[in-house]
Amino acid sequence: SSGINAEYGGMIAVSKKFEDNHNQHGVLKISSIDASHHEFVNLHSNQIRDIKFDHFGNTTLLSCSKSKNVMITCLKSNNTVITYPAPRDCWSCTWHCHKDHIIYTGLNNGEVMVFDIRNTKESLESIMPIENIKKCPIISVVSLPGETSDVLVSSLMTVSHHKKTSEGNYHGELLGIPPGAISSVAYDSDSSNLLVSYKPVLGTKGSSEQHVLMKLTDSKETGMQTEIINTFKGGSTQALRCRSSLISCPDDDNHLLVCLGEQESNSIKIWSTKNMKMFQQFPIKKDESGPIIAVGPHRAAGTDYLCGLTNQRIVQYKWLLSESHFENNSVAYQFDVPN
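Just so it is clear, the model here is predicted, and its values are computed rather than measured. (Residues numbered from 1 in each chain as written. Predicted model: local features only at pLDDT ≥ 70, side-chain atom pairs only at ≥ 80, totals over all residues. Heavy atoms only, no water.)

1. Overview of the nonpolar core
For clarity, the cut-off: What makes a nonpolar core is a set of buried Ala, Val, Leu, Ile, Met, Phe, Trp, Tyr and Cys residues whose side-chain atoms join them at distances within 4.5 Å. Between buried and exposed lies partly exposed: a residue is buried under 20% and exposed over 50% of the maximum accessible area for its type, with that area taken using a 1.4 Å probe on protein chains only. The contact rule is simple, with two residues in contact once any of their heavy atoms fall within 4.5 Å.
If you look at the biggest cluster of nonpolar residues, it comprises 17 residues, and the most contacted ones within it are Leu152, Val159, Leu175, Ile177, Ile182, Leu194 and Val196. Discounting residues that sit within four places of it in the chain, Leu175 has contacts with Leu152, Val159, Ser160, His161, Leu194, Leu216, Met224 and Thr226. The next biggest cluster of nonpolar side chains, apart from the first, holds 15 residues, and it includes Cys249, Ile268, Ile284 and Tyr317.

Now the structure itself:
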């Protein structure tokens, strides 16, 4: 598995290679209400790097792949809506935050391609990497609210802010963040908080995962500035890149939770941004399913859940409104993702 997305009406989508004689890479659609209801949808001919449901209440999934294309699929009918070719491997993708016809995909050379799905033949434009910066795969593209279509572009080494100039081109500036090998980036638009997660430094004794929470502020005079709020430390190993997330507490929109997957202990750790203390921790059974590789929220039938993903399993934790925390026992919400 290389991704999880669970934004639409109780449907969880997990990117997955279908283990048969054919080279099929697609998504496994799983009902979070009844895990026995699942279906594999073939999409790409090579590993899927990212998937995103749209923000607009549809069953439309955006996916991108090492097969050098980006695809929009209707998961209600399982039909492909549109496919765009890309010149290089695609590593990340996202929808525009308020324009449902604009999509982005980040490539392995640091470029971000912009598409308008009203034009089915070619890309609209490209956001080029900043000059004199090492070109790395783009692991995250975030569409920022506002009329100027600003984006945050994150590579394996840097995060940059790109905004359109009066000439209609994108101008990028690096954000002031700590150096290191970035494993994931999460952004919360309501609080303008950015979470940058770093891998441990190889060969350095005592090095651990660092999850740096920052506040972003933007002005015409100074550009986008970062202020470190807190650093959360993780384990000393990370065999596979793990995706962290920022989520609003289900019963308090002003309470942001930092949700992390720690591979050394193979557990989900949730930190409160109110007091910067551990909110909850869930160990995940270590077995042949492999280490945890993503943590993310979803909502189904009026109930909020938190998901943890390994290569073969999803574990989900139900939010208990009466107790204002996630249920500690996940047995009733655990199911295997078949090969």
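After that view of the structure, there is still more to cover.
2. Some words on the side chain of Ser272
Where we set the bar: Working definition: helices are DSSP H or I runs of at least four residues, strands are E runs of at least two. Numbering for both runs from the N terminus.
For Ser272, the position within the fold is in strand β23 (residues 267-272). Overall, the relative accessible area of 3% leaves Ser272 in the buried class. The contact partners of Ser272, leaving out residues within four places of it in the chain, are His255, Leu256, Leu257, Lys277 and Phe279.

3. Observations regarding the pattern of salt bridges
Filter applied, for reference: Every case where a carboxyl oxygen of Asp or Glu lies within 4 Å of a side-chain nitrogen of Lys or Arg is listed as a salt bridge.
Under the defined criterion, the tally for this structure stands at nine salt bridges. The partner of Lys269 in a salt bridge is Glu262, with the nearest N and O atoms 2.9 Å apart. Using a relative accessible area of 14% as the deciding quantity, one classes Lys269 as buried. Note on Glu262: relative accessible area 8%, which makes it buried. Arg299 is paired through a salt bridge with Asp304; the nearest N and O atoms lie 2.6 Å apart. Of the residues examined, Arg299 reaches a relative accessible area of 44% and is grouped as partly exposed.

4. Describing the sheet that holds strand β19 (residues 210-219)
The line we're drawing: Any two strands between which DSSP finds at least two bridges are classified as paired. Helix axes are fitted only over the stretch in contact, all axes being lines through C-alpha atoms; the angle between N-to-C directions runs from 0 to 180 degrees.
Within the open sheet, the four strands sit side by side as β17-β18-β19-β20. Their pairing is antiparallel. Of all strands in the sheet, those bounded by a partner on one side alone are β17 (182-188) and β20 (223-233). Ignoring strand direction, the axes of neighbouring strands in this sheet form an average angle of 25 degrees. In the sheet, β17 pairs with strand β18 (residues 193-198) via six bridges, with the strands oriented antiparallel.

5. Quick look at unusual backbone geometry
Residues other than glycine seldom take positive phi values, yet Asn132 does so here, at roughly 65 degrees. Of note, Asn132 is situated in the loop between β12 (125-127) and β13 (138-143). Not every positive phi belongs to a glycine, and Asn266 is a case in point at roughly 45 degrees. Tracing the backbone shows Asn266 in the loop between β22 (252-262) and β23. Judged by its relative accessible area of 2%, Asn266 is buried.

6. What to know about empty space enclosed by the protein
Filter applied, for reference: Cavities and pockets were defined on a 1 Å grid built over protein atoms only: a cavity is a set of grid points that admits a 1.4 Å probe from which the probe cannot escape, a pocket is an open set flanked by protein on both sides within 12 Å along at least five of seven lines, and lining residues are those with an atom within 4 Å of any such point. Grid points are joined across faces, edges and corners, and a volume is the space filled by probe spheres set on the points. Charged residues are taken to be Asp, Glu, Lys and Arg, nonpolar residues to be Ala, Val, Leu, Ile, Met, Phe, Trp, Tyr, Cys and Pro, and polar residues to be all remaining types, Gly included.
Under the definition given, this model contains two cavities of 30 Å³ or more. Taken together, 17 residues make up the lining of the largest cavity; nearest its centre are Gly110, Pro129, Ile130, Ile138 and Thr158. Of all the secondary-structure elements, those providing two or more residues to the lining of the largest cavity are β14 (151-155) and β15 (159-164). When grouped by side-chain class, the residues that make up the lining of the largest cavity number ten nonpolar, five polar and two charged. Within this model, the second largest cavity holds a volume of roughly 30 Å³. Forming the boundary of the second largest cavity are Glu209, His211, Lys233, Gly234, Leu260, Gly261, Glu262 and Lys269. Ranked by residues supplied to the lining of the second largest cavity, first place goes to β22 with three residues. In terms of residue class, the lining of the second largest cavity is built from one nonpolar, three polar and four charged.

7. Considerations on the environment of Gly235
Mapping Gly235 onto the fold places it in the loop between β20 and β21 (245-249). Given the relative accessible area of 2%, Gly235 is considered buried. If sequence neighbours within four positions are ignored, Gly235 has contacts with Pro200, Ser208, Glu209, Glu262 and Glu264.

8. Thoughts on the sheet that holds β21
The strand order across the open sheet built from four strands is β21-β22-β23-β24, with neighbouring strands paired in antiparallel fashion. Each edge of the sheet is formed by a strand with only one pairing partner; in this case those strands are β21 and β24 (278-283). Going across the sheet, the axis of each strand differs from the next one's by a mean of 25 degrees, ignoring polarity. Bridge count for β23 against β24 is five bridges, and the pairing is antiparallel. Its bridge partner being in β24, Lys269 is matched across the sheet by Gln281.

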